[in-house]
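# Residue-level structure breakdown
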There are 2 protein chains.
Amino acid sequence: MASSSLSLNDNLNHHLFTLFPRPNNIKLTTKTNVTNYKTFSPKHQPQKTTAMAIRSGSSPSSSSSSVSSTSTTPHFPKSDAVLSSDYHLVDETNLVNPEDERPLNEIWREIQGSDDWEGLVDPLNSHLRREIIRYGEFAQACYDSFDFDPHSKYCGTCKYQGAHFFEKLDMADRGYKISRYLYATSNINLPNFFQKSKMSSVWSQHANWMGYVAVSTDDDEIRRLGRRDIVIAWRGTVTYLEWICDLKDILRSADFGPDPAVKIESGFFDLYTKKERGCKYCSFSAREQVLAEIKRLLDYYAGEEISITVTGHSLGSALAILSAYDIAEVGLNGVALGDDQNKIPITVYSFAGPRVGNLRFKKRCDELGVKVLRVVNVHDVVPTVPGIIANEKFQFQKYIEETMSFPWSYAHVGVELGLDHSQSPFLKPSKDPGCAHNLEVHLHLVDGYHGKGKRFCLVSKRDIALVNKSCDLLRGEYSVPPYWRQDENKGMVRSSDGRWVLPERPRLEGHPPDMAEHLAKVLMLKSTINGNGSPRLEAA
Amino acid sequence: MASSSLSLNDNLNHHLFTLFPRPNNIKLTTKTNVTNYKTFSPKHQPQKTTAMAIRSGSSPSSSSSSVSSTSTTPHFPKSDAVLSSDYHLVDETNLVNPEDERPLNEIWREIQGSDDWEGLVDPLNSHLRREIIRYGEFAQACYDSFDFDPHSKYCGTCKYQGAHFFEKLDMADRGYKISRYLYATSNINLPNFFQKSKMSSVWSQHANWMGYVAVSTDDDEIRRLGRRDIVIAWRGTVTYLEWICDLKDILRSADFGPDPAVKIESGFFDLYTKKERGCKYCSFSAREQVLAEIKRLLDYYAGEEISITVTGHSLGSALAILSAYDIAEVGLNGVALGDDQNKIPITVYSFAGPRVGNLRFKKRCDELGVKVLRVVNVHDVVPTVPGIIANEKFQFQKYIEETMSFPWSYAHVGVELGLDHSQSPFLKPSKDPGCAHNLEVHLHLVDGYHGKGKRFCLVSKRDIALVNKSCDLLRGEYSVPPYWRQDENKGMVRSSDGRWVLPERPRLEGHPPDMAEHLAKVLMLKSTINGNGSPRLEAA
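Residues numbered from 1 in each chain as written. Chains lettered and ligands numbered in written order. Predicted model: local features only at pLDDT ≥ 70, side-chain atom pairs only at ≥ 80, totals over all residues. Heavy atoms only, no water.

Note the threshold: UniProt positions are given in the numbering used here, feature names are shortened, and annotations may be inferred rather than shown by experiment.
Looking at an unreviewed UniProt entry, chain A carries the name Fungal lipase-type domain-containing protein, with the source organism given as Ficus carica. As stated in UniProt under Sequence similarities (unreviewed entry), the record for chain A gives "Belongs to the AB hydrolase superfamily. Lipase family."

Shown next, in the form of structure tokens:
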């Protein structure tokens, strides 16, 4: 008992120190790439003995006295954060869900949703937490690499070549490689979604980079995962939500499968299926690009244990669900051929996603075994659209949809993991809808979520500074600038003769030459299943 | 005749090529530090055979046909700039003022204004053009190094240590070294001028970095200049002009010299003379800091040929004129002691400066031999304040000032170099007062100015991209983003354990220990001249 009490105090002191570093711990250096820095609260938290910040009306006397001791750097006054803070730390070891001791490679099918995440979401399983964050970071990579700058002539492209993608994003250790970039035409009616260059010389008048397909190639990672994983990540919008208003809120038949009653929102449908003959990057639709690439990869890795994981945030979530459904409906993963034994699981990690289709669409996804985990923030408006009136919560939805053919009936697919950003003591109150919708905010909340009604308590060492990457939600005492993600000098660099220029970027590959061939195989597969070719899938 | 015609064509082709590089000249590279880039118009312009861009209604057929030839980079469509451009280049050799063949070190006193720039401004002398730009860049360095970010806890400081200042700004080749940083207290009534941190932990509650004193130390540069040069550069405001509204427009006696009728605007006076006892950086006023440092340097370099050059933009120009006057009035440069033969010339290069004092102040500056070259843009509002009603253009100013003691009478000091940004074909029309006031815009205009009524024609190789560093004035066809100067990730860097942090900065030195000693010498000098000590100058 005495030793346990000592250990508690030791932990407490450790956490107090990391939350409020003493000013004389501040190292001053002239280097730009510093190794000395002021740490944030969650740093050095042991995985199982986790510190928890809770709100308190009283001032934290022990912490403030420990900090107000003599400082050796009088020129930089000690942090006021200590005095103004209304937080203190308590040891909440017992409140953190226990670690799942089974290795991931034994239970990966369960973690990917084979049992609809029964018993894994509340309380949140430790493997699942890490996998949600890991796939969320694959989706976040689409934002961190996208050229949003309308003054860049490469606006609308990915800033990096596929071969350097993960390396440029400090994600080389993930053990994945890009196998294909995905594009969509912007010649559809979603004016507030696409990024267009204001510059006269642009890389393409019609295309926007929409994401990528990547494959786990590192042997250690494949062993850890228990299978080779194919990731499809779709780009959405970081904070700008005006594209919601562009949604026509009109359902149309997906016509990917035999049942015309399966309907999806027509804007998402257009984004996924439209193409532009004259454009190098979108002469095939996003749909054709992804189906051809998945077919190619499945052929290439035939015989291996494989998973297909689709991830996306915001509008990218809609594309994720749509493409996952499509892959299953076309039968690429084997299930449509009746080979349930060897079917390749398809899982969607959806973040802040809108509804995609009608109730029949949801049911068809269930029939096909497409598993969707929907991570949402209750303060975010996007998951409430489209279908604000008639949705899965309306008890007569089936009736109005099937009998009345009510055209504005939408249903969410899958299992919801509901988060609440007001529960994180690291975040300040905000009414900014962009912040509530922000993907990094969701990942922070997943890190601290333990179950409905349970206290927020960070588990991993995930950096809280990431929250403010593209929003303003971290409390001021963490001294993290809002919206801090930006390129040095907007990408301008000095050339060898001293002039400032926007460097030319390496050319991005268009469609690979063998794409039509793989697409033809998809068509053959489809006609085997459905007895007819899709009117929309065409080999070039 | 034939050979001259050939040479003209060669030049023309050369210029067309540099203005509109052929798409197949675009090199594609994966490196970030590129050496291949698309060049802008003024590049490679020979110093004497200068290209000139003029507006034209007709499309430049020769250039467009040269560009529309087959491209080897079909993925990046050829620049539309060629087709949409309304510029073409003509050889304007005869329109550029001839180069002054005399070396600078022989005529430097004249260039520094000993004859009030008689015959040097219109047409603009080639040495003077380069010196204006060189000193303007010393003033610009105050902006490029200043931490404006209210979310930085170092907001209001210089981002670099003095020892690395010019190196960090790519100005190491200037041959100057920082000898002292200058600070002012923000506890005066100019709320829209000072930058204050929103962060709880700030470097100083009271101080703002205001500029620097630097000395030419490179032997080659001293030889080229003909003397050792001491530069004082004062920081102003980049684009935010609200501080104009803070000016109380009230004149008060400068009391630096014997004549109480010499008056200056009280806001500038406060900024220059106020101090804050408790503050490490402003326990001496800006005035005391600069006088002590100039005294120290003049003692140290006693016997050498020396010049004092003061430079500043906007509010920094007011401080430049005020401090130049002060140095002369106190007699640091020797003139007040009657030693006109050995007097050290004091020159102010003022950019976009407001009026500073009354007519008597102007006359006293003239008496003391303080030379001021005022570089202004006719579209800029700042040089029209204070004193919009009663100023040097009002014929009865002397009467209302001396007889009526009219309290709002201001006069500009020195010689004006009037520029007009609508004359530069590189710039687009703009009503943004911040752009008209921008220092980089002024430097661009100096580069192309030849005299009143003469055509704008760039002379040096000065990079036009600098215009858009902190404004949006370059025409779109140059593909330079507006407001492009920004730090990567707002200064956030990844620490050794992968977390994003704002690194601690090296501490900035406060006042040097021997400052009081040098200030005491200034006081002694002053009492020798005036017979009394200044009530405001105090040795610590």
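From this point, the narrative continues.
## Some remarks on the sheet that holds strand S8 (residues 306-313) of chain B
All names here are of chain B. Stated precisely, the cut-off is as follows: Note: two strands are recorded as paired if DSSP finds a minimum of 2 bridges between them. Helix numbering and strand numbering both begin at the N terminus, where a helix is a DSSP run of H or I of at least 4 residues and a strand a DSSP run of E of at least 2. To get an axis, a line is fitted to the C-alpha atoms, and for a helix only the part in contact is used. The angle between two axes follows their N-to-C directions and goes from 0 to 180 degrees. For this analysis, residues touch if any pair of their heavy atoms sits within 4.5 Å.
Ordered in space as S3-S4-S5-S8-S9-S10-S11, the 7 strands form an open sheet in which the pairing is mixed. The sheet terminates laterally at strand S3 (176-185) and strand S11 (415-419), the two strands that pair on one side only. Averaged over all neighbouring strand pairs, the angle between strand axes comes to 15°, with direction disregarded. In this fold helix H15 (residues 439-448) packs onto S8, strand S9 (346-351), strand S10 (371-377) and S11, with an angle of close to 100° to the strand it touches most, S10.

## Side note on the pairing of strand S9 (residues 346-351) of chain A
Residue and element names in this part refer to chain A. Basically, it comes down to this: When a residue's accessible area, from a 1.4 Å probe over protein chains only, is under 20% of the maximum for its type it is buried; when over 50% it is exposed; and in between it is partly exposed. The crossover handedness rule: strands pointing away from the viewer, path from first strand over the helix to second strand clockwise, crossover right-handed.
Burial runs high along S9: 6 of the 6 residues are buried. Side chains Ile346, Val348 and Ser350 project from S9 onto one buried face, and the interleaved Thr347, Tyr349 and Phe351 project onto a second face that is buried too. Taken together, the 6 bridges between strand S8 (residues 306-313) and S9 define a ladder with parallel strand orientation. Its bridge partner lying in S9, glycine 312 is registered against serine 350. Assessed by its sense of winding, the connection that carries the chain from S9 through helix H12 (residues 359-368) to strand S10 (residues 371-377) is right-handed.

## A short note on the pattern of salt bridges
Threshold: Throughout this description, the term salt bridge denotes a Lys or Arg side-chain nitrogen within 4 Å of a carboxyl oxygen of Asp or Glu.
Tallied over the entire structure, the rule returns 78 salt bridges over all chains. Among the ionic pairs, arginine 360 of chain A bridges to aspartate 259 of chain A, the shortest N-O distance being 2.8 Å. Taken as a pair, arginine 360 of chain A in helix H12 and aspartate 259 of chain A in the loop between strand S6 (251-253) and strand S7 (263-265) lie far apart in primary sequence, 101 residues in all. With relative accessibility at 23%, the residue aspartate 259 of chain A sits in the partly exposed group. Close ionic contact of glutamate 131 of chain B with arginine 134 of chain B constitutes a salt bridge, the shortest N to O distance being 2.9 Å. Here glutamate 131 of chain B pairs with arginine 134 of chain B, and both are found in helix H5 (residues 126-144), just 3 residues apart, close to one helical turn. Of the two residues, glutamate 131 of chain B and arginine 134 of chain B, both sit in the buried class. Among the ionic contacts, a cluster of salt bridges with common partners joins Glu137, Asp144, Asp173, Arg174, Glu440, Arg462 and Lys469 of chain A.

## Topic: the sheet that holds S8 of chain A
All names here are of chain A. If you walk across this open sheet you meet the 7 strands as S3-S4-S5-S8-S9-S10-S11, and the pairing is mixed. With one partner strand each, in any of the chains shown, strand S3 (176-185) and strand S11 (415-419) form the two edges of the open sheet. Each strand axis lies, on average, 15° off the axis of its neighbour in the sheet, ignoring direction. Relative to strand S4 (residues 207-216), S3 runs antiparallel, the two sharing 9 bridges. Across the sheet, the residue bridging to isoleucine 178 is alanine 214, located in S4. The sheet contacts of helix H10 (residues 286-300) involve S3, S4, strand S5 (228-234) and S8, and relative to S3 the element is tilted by about 155°. On the sheet, helix H11 (residues 315-330) packs against S4, S5, S8, S9 and S10 and is oriented at approximately 150° with respect to S8.

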